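Okay, here's what each chain looks like letter by letter:
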Amino acid sequence: MMKRAKAFSLLALCAAILCSCGAATDAAPQEQSGSGMTVMSMAEIPMKEDETFSGIRCCGDRIIVETGAAETDDEDGADAESSETTYVQRFYYAKAGSDFPEEPFCSFDYNERSAIDFIAGEDGNVCFILTEAAEEEDLAKLLEVSADGSERTVADLNDICLGSGEGSIWDWGIRAVPGGDFLLVSKYGYRLISQEGEIVRREDWKEPRSYDVLYAGGKYALTLQAENFQTVHGTFRRENGKIGTLKDISQGARFNRTGNGEDTLYMYTNMEASLCDLSTGEHTKIFDWTDIGIQGDSVLGMYGDTQAPRFLFREDDILYEAQWNGGDTGTKRTELRLGYVSDSAATRQAVAMFNRTNPDFLIRMVDYGTEDESAAAMRLYTELTAGTGPDIFQMDGGYMDDRTMGERGILEDLTPYLESSQVVSPQNLLPSVYQALQTEGKVYMLPTNFQLGGFITKEKWAPAGQTWTADELLRVLEEEPELRDNMSSKRHMLEYCLSVMFGAGGEDGTSVLEDGLLEKYIRLAEYMPEEAVYITDDSLRRDGKLLFEQFVLMDSETYMYYKSQWGEDVAFVGFPGGAGNGMMLYPDNCYAVSAQSRHKDGAWKFVESFFTREWQEKITPNYAFSVDRDRFEQQLKDAEEKQWYTDRDGRQQEAPVLTYDMNGEEIEVFAPRPEDTDSLRQMVEGARMIKRGDMEGLRIVQEEAAYYFAGQKSLEEVADIIRSRMELMAEERK
């Protein structure tokens, strides 16, 4: 209770400093983007060639943009080696509706002064927490810079903020306080400082606290503190000290003061922008970012009139200011819905780009992830079957089976679209990926990327280049029982079993699997612990004291990492008994089209866009292997490129692509050699399985296998019951 009571003392401070906010200015529209959007105008904020964007502050109807620049002194014609470079912070001040200034409001030389935090003050002033170089000890000060460039030191912060000896000035931030006072906050306490530099109120905390004041104005303050490892947004009312909590606030929510309404703030997340009313604790959505062609991750701040909100965002290292002019984002556009369970920045970016550049279509995103995966999948199944589901949805092999959904007529066969597309065709895709995607010659989902997985072990247990059978793994487990405990859990092994059984693809829809595979995997699971044992000692892998583990490769670098961990006698063997070489393709950024959609052409246009040259360069993920044949080869080629550095003796040395610690020794991993690339390529080419999941199927296998593990039923009985229940499940889904 004492800790909470102390936290309230800062809230009491908020009550003492609250007062009315500034009035709004009229919003002036910016230049139209020309993208077909009629509800948003946007314009680039010009930056000088030597500048890089550093930060931004939005406050009501004002913004401050911070940039960094390297200024070279070459006025006297000095050559590059003798010229001096000065690194500076520049600050630009602008008001809503006015042109962005060409010259900075003020600037600081990093060698002499450095701004730690800043806010827009009254009457066009900007206030900084600043450090200033000195001979004995750097000075920390609260500095106010006026519109005419004149400076005034409000207070010396060395004693005011650092007198307790805890932390440094870099721990402190400055917050706007209506009326002209300054609120400085850190995890060690707070200071309320008057315009004259006097301490109005202060408090030091013995223990650091995760506490902050995000806004103070009007009748309320907005606070932020950590409770039970989560951030909690609260309100404090000036008149009576009443504490409130904002509910249903995303952990990543950000807030800015509006240009009007002293107790109303802009609240924005990666998904949407809202108005938050501190007096009621309620928030009202203004729009989804993707609806107006913006990726929410790129938004830096909001400000201005609530009737026409302004915001700044950054794309391709270019800073833009935009204004939402109101209206219906779907006017005269065909609306499509895209459903997803797991939030993906790549999907949001793609939808934003599609909406911005396609005047005929508008994609709205529908979040099914408010439930657990099994419930979300069932809801999707139900809505799609009834014809009320989304037109497009992001597939995930962990909980959805495209084959079953395609056979039930839920998913559209994409083969005709691929064969007639001018952008992507079956010939453009990696043959192994395309074959694994097929079900009786049909393709029901299309990923843009994939990862490669299976089991990894030593050559002595599975010669390199050979598929590991379930019988071989069972034999090793029998012969070397000391290796049994350092492996996957029972649940994991049963999940691998289903992945292998469901994953094999091909034009005829059949899979070449090991006989009695279900029974063998249940026996394998019997050897596994109830909980997976995480191995922290990498030397066990190299020394052959760990039998196997699952691996997932997303690029050449991770392939080299696993090779380094396991040593030169490593064997990538795939999953035991699997089709092809046993390797599993994990689809990434994968989409399907509803067979019930009335706008299949528009839905396909979105999916197809990922393979255009523009999207391949800007939108389509590059963090995992590409399904595009040419791009995949380019990824392998790029990974082979060596990086070099010059050592202390002036010799050129190859730089590692990554390093890791093995029992105190730093291990360096270098770029793959051609023979490594060939081995990796062969692993991909030999894959014949793609990850397909079925949460209900996994539940059945787990439930029934438990009877065998407990000795209550025989292996044959359990396997027969599982097959019977799986067949019944398939019939019920028809």
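In the block above lies the structure referred to throughout.
Computed from a predicted structure; not experimentally measured.

A. Inspection of the overall build of the protein at higher detail. Summing up its helical and strand segments, the protein has 18 helices and 39 strands in all. For the protein, buried positions account for 54% of its 734 residues. Taking as baseline every contact in the protein between residues at least 6 positions apart, the subset at least 24 positions apart corresponds to 62%. Element-wise, carbon and sulfur atoms account for 44% of the exposed surface of the protein, whose accessible area totals about 33300 Å².

B. Quick look at the nonpolar core. Counting 79 residues, the largest nonpolar core has Met395, Met405, Leu446, Phe450, Leu553, Phe572 and Phe606 as its most contacted members. Sequence-distant contacts of Met405, defined by excluding residues within four places in its chain, comprise Tyr381, Leu384, Phe393, Met395, Met400, Ile410 and Leu411. Core analysis: the second largest hydrophobic core is formed by 46 residues, Trp461, Leu494, Ala504 and Ala571 among them.

C. Broad picture of the packing of helix 9 (residues 490-503) against helix 10 (residues 517-527). Where helix 9 contacts helix 10, the axes come no closer than 8 Å and their chain directions differ by 160°. It follows from the interaxial angle that helix 9 and helix 10 lie roughly antiparallel. Remark: the crossing between helix 9 and helix 10 carries right-handed chirality. The residues of helix 10 that touch helix 9, namely those facing Lys490, Met493, Leu494, Tyr496, Cys497, Val500 and Met501, are Leu517, Leu518, Tyr521, Ile522, Leu524, Ala525 and Glu526. Grouping the amino acids of the contact of helix 9 with helix 10 by side-chain chemistry returns 12 nonpolar, no polar and 2 charged.

D. Broad picture of the pattern of salt bridges. Taken as a whole and assessed by the stated rule, the structure comprises 42 salt bridges. Here Arg314 ties to Asp317 by a salt bridge, and the two come within 3.4 Å at their closest N and O atoms. In this structure Asp317 comes out as exposed when scored by relative accessible area, which is 61%. Here Glu703 makes a salt bridge to Arg699, at a shortest N to O gap of 2.5 Å. With Glu703 and Arg699 both in helix 17 (residues 695-709) and 4 residues apart, this pair spans about one turn of that helix. Each member of the salt-bridge network shares a partner with another, and the members are Arg699, Glu703, Glu704, Lys713 and Arg725.

Here is what the cut-offs are and how they apply
Residues numbered from 1 in each chain as written. Predicted model: local features only at pLDDT ≥ 70, side-chain atom pairs only at ≥ 80, totals over all residues. Heavy atoms only, no water. Helix = DSSP H or I, 4+ residues; strand = E, 2+ residues; numbered from the N terminus. Buried < 20%, exposed > 50% of the residue type's maximum accessible area, 1.4 Å probe, protein only. Contact = heavy atoms within 4.5 Å. Areas by Shrake-Rupley, 256 points an atom, 1.4 Å probe, with all protein chains shown as cover. Core = buried A, V, L, I, M, F, W, Y, C linked by side-chain atoms within 4.5 Å. Axes fitted to C-alpha atoms, helices over the stretch in contact; angles between N-to-C directions. Parallel < 35°, antiparallel > 145°, perpendicular 65-115°, else oblique. Left-handed = near helix turned anticlockwise from the far one by under 90°. Nonpolar A, V, L, I, M, F, W, Y, C, P; charged D, E, K, R; others polar. Salt bridge = Lys/Arg side-chain N within 4 Å of Asp/Glu carboxyl O.

Shape descriptors only; they carry no functional weight alone.
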